[in-house]
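Survey of secondary and tertiary structure
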Amino acid sequence: MPMPTITAVRAFTVRGGGADYHDQGDGHWIDGQIATPMSRYPEYRAKRSSFGLNVLGTLVVEVEASDGTVGFAVTTGGEIGCFVVERHLARFLVGRPVTEIERMWDQMYAASQFYGRKGVVLNTISGVDLALWDLLAKVRGEPVYQLLGGAVRDELVFYATGPRPDLAKKMGFIGGKMPLKHGPAEREEGLRANVAALAAMRDAVGDDFWLMYDCWMALDLDYATRLAIAGREHGLKWIEECLSPDDYWGYAALRKAVPAGMLVTTGEHEATRWGFRLLLEMGCCDIIQPDVGWCGGLTELIKISALADAHACPVIPHGSSVYSYHFVATRPNSPFAEFLMMAPEADRVVPMFHPLLLDEPLPEGGRLKVSALDRPGFGVRLNPDCALHRPYPAA
Ligand SMILES: C[C@H](O)[C@H](O)[C@@H](O)[C@@H](O)C(=O)O
Ligand SMILES: [Mg+2]
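Reading guide: rules and limits
Residues numbered from 1 in each chain as written. Chains lettered and ligands numbered in written order. Predicted model: local features only at pLDDT ≥ 70, side-chain atom pairs only at ≥ 80, totals over all residues. Heavy atoms only, no water. UniProt positions renumbered as here; feature names shortened; annotations may be inferred. Helix = DSSP H or I, 4+ residues; strand = E, 2+ residues; numbered from the N terminus. Axes fitted to C-alpha atoms, helices over the stretch in contact; angles between N-to-C directions. Left-handed = near helix turned anticlockwise from the far one by under 90°. Contact = heavy atoms within 4.5 Å. Nonpolar A, V, L, I, M, F, W, Y, C, P; charged D, E, K, R; others polar. Domains from an automatic or database assignment. Buried area = accessible area lost by both parts, 1.4 Å probe. Salt bridge = Lys/Arg side-chain N within 4 Å of Asp/Glu carboxyl O. Polar contact = N/O pair within 3.5 Å; in protein donor to acceptor, adjacent residues only side chain to side chain. Near = heavy atom within 4 Å. Areas by Shrake-Rupley, 256 points an atom, 1.4 Å probe, with all protein chains shown as cover. Buried < 20%, exposed > 50% of the residue type's maximum accessible area, 1.4 Å probe, protein only.

Going by the annotation in an unreviewed UniProt entry, the name recorded for the protein chain is L-rhamnonate dehydratase, with Prosthecodimorpha hirschii given as the source organism. UniProt, in the comment section headed Subunit (unreviewed entry), describes the protein chain in these words: "Homooctamer; tetramer of dimers." Under the UniProt heading Sequence similarities (unreviewed entry), the note attached to the protein chain is "Belongs to the mandelate racemase/muconate lactonizing enzyme family. RhamD subfamily."

Following this line, the structure appears as structure tokens:
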């Protein structure tokens, strides 16, 4: 039976949460003081929105097939992403059978290599790829994870990211990853405050609950090494994304410098099998954390994950709601997942891409039954109350 073909591709942007989950407005922990590469400039230290962390906004990609089925996905990409989709990538989709995801991915990547390869262009390709997987799975009437080889576990278990691991423990999560507050520009006083905050949280959660620091590219090798050594006595399980994503050499050195038993993790701002090949072959980290909405989509994450598995390196995707859940359910080397606490005080479980997606499944007791994913596609709907803007309608 011939498969439907793609008849239309549409790209929208939307503000206020959604896939650009850093776009939260005032009073949310995720826009509080968190160390970043911009923290060396005091005027950009208090809030990450001050230097534009939320500048892109959400990209919504819709792909419609000849039988009327519509697949969609959301990622971080905004108007730039809309331009790339409608003025460049759509030509590789329209007219193609919904099954030819590999061909469409290869043409999107090869055709944009002269200006893409990573960053917002790979975010955009990821968004298109996820929409294609949503469309194909809907045409076949199956959840995406069933197209990926089926579940290898009955439930997903999550660690929680946010400033309140003490609350996350009470909610049943297996660990808590805190954003690092102070960077090297705040010198010894800042380092002591980072360690004191970890020590206080360790006292609050007890010895067996995982505690991690997310350093969001803010550190240098010396500072990261000293933080890791100081964190050891407080049971710091892993130290995440300490350095620039381009400093593969620094990560390789850091991994040799940290105390035995402490893990070095990174990857959320890396893209494609080639970027992750560098991380793996240079011995940069113990866990890779690709974001399926940024690394190239599911089509690329399948390749990245197989490469990591050959290196015995776990793949714990950066939190991306249903888009990572459907993947993690199917991979033995993805034994747990990340859940970003998107309530402003990190004190309750709310949908990660709130308010943009309806039917987003939520962990209960820090766990999510794979059966909660048993709806066609990724199993979510766009919230009709969220105003979508289409800046580059098809010419
Ligand atoms: C909490 C971190 O600062 C980032 O906002 C977060 O998106 C990312 O680094 C993560 O690992 O969740
Ligand atoms: Mg991170």
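Having seen the structure, we can now continue with the description.
Here the UniProt-annotated "domain: Mandelate racemase/muconate lactonizing enzyme C-terminal" (unreviewed entry) positions come out as residues 165-261. Taken end to end, residues 165-261 comprises 49% helix and 15% strand; its first and last C-alpha atoms sit 21 Å apart.

What follows concerns the packing of helix α6 (residues 187-205) against helix α7 (residues 221-232). Close contact between α6 and α7 brings their axes to 10 Å; oriented N to C, the two are set at 35°. Once α6 is placed against α7, the crossing between them reads as right-handed. From α6, Arg187, Glu188, Gly190, Leu191, Asn194, Val195 and Leu198 reach across to α7, where they touch Tyr223, Arg226, Leu227, Ala230 and Gly231. Looking at the contact of α6 with α7, its residues break down into six nonpolar, three polar and three charged.

This part is about the domain arrangement of the protein chain. Looking at the assigned domains, one finds that the protein chain contains domain 1 (6-22 + 57-141) and domain 2 (147-375). Just the C-alpha atoms count here: the centres of domain 1 and domain 2 sit 26 Å apart. The interface is formed by 28 residues belonging to domain 1 together with 30 residues belonging to domain 2. Around 2200 Å² of area is buried between domain 1 and domain 2 when both sides are counted, 66% of it from carbon and sulfur atoms. Linking domain 1 to domain 2 there are two salt bridges. Between Lys303 and Glu102 there is a salt bridge, and its shortest N-O distance comes to 3.0 Å. Across the domain 1-domain 2 interface, the total number found is 13 residue pairs in polar contact (both at pLDDT 80 or more). Breaking the side of domain 1 that touches domain 2 down by element, the ones donating at least two residues are β2 (58-65), β3 (70-76), α2 (101-112) and α3 (119-140). Counting residues per element, the side of domain 1 that touches domain 2 draws most heavily on α3, at nine residues. When the residues that make up the side of domain 1 that touches domain 2 are grouped by side-chain class, the tally is 16 nonpolar, eight polar and four charged.

On to the UniProt feature "active site" (unreviewed entry) in the protein chain, then. Sites flagged by UniProt as "active site" (unreviewed entry) map to His318. In this fold, His318 is placed in the loop between α10 (298-310) and α11 (321-328). Not counting residues up to four positions away in its chain, the partners in contact with His318 are Tyr21, Glu268, Gln289, Pro290, Asp291, Trp294, Ser324, Glu338 and Leu340. At a separation of 2.5 Å, a polar atom in the side chain of His318 contacts the side chain of Asp291.

A separate point is the site of ligand 1. Around ligand 1 there are 14 residues in total, and Tyr21, His22, Lys177, Asp214 and Glu338 lie nearest to it. Between Lys177 and ligand 1, the recorded distance is 2.7 Å, taken from a side-chain N or O atom to an oxygen atom. Between ligand 1 and His318 there is a distance of 3.3 Å, counted from an oxygen atom to a side-chain nitrogen or oxygen. Protein chains bury 100% of the 320 Å² of accessible surface belonging to ligand 1 in isolation. The residue makeup of the shell around ligand 1, split by class, is five nonpolar, three polar and six charged.

This structure, assessed with the given rule, holds 24 salt bridges. In this structure, the salt-bridge partner of Lys47 is Asp26, at a minimum N-O distance of 2.5 Å. Of this pair, Lys47 sits in the loop between β1 (6-14) and β2 while Asp26 sits in the loop between β1 and β2, and the two are 21 residues apart along the sequence. A relative accessible area of 31% means that Lys47 is categorised as partly exposed. Between Asp286 and Arg255 there is a salt bridge whose closest N-O contact spans 2.9 Å. Linking Asp286 in the loop between α9 (272-281) and β9 (287-288) with Arg255 in helix α8 (residues 248-257), this pair joins segments that are 31 residues apart in sequence. Within this structure, Lys177, Asp214, Glu240 and Glu338 form a network of salt bridges that share partners.

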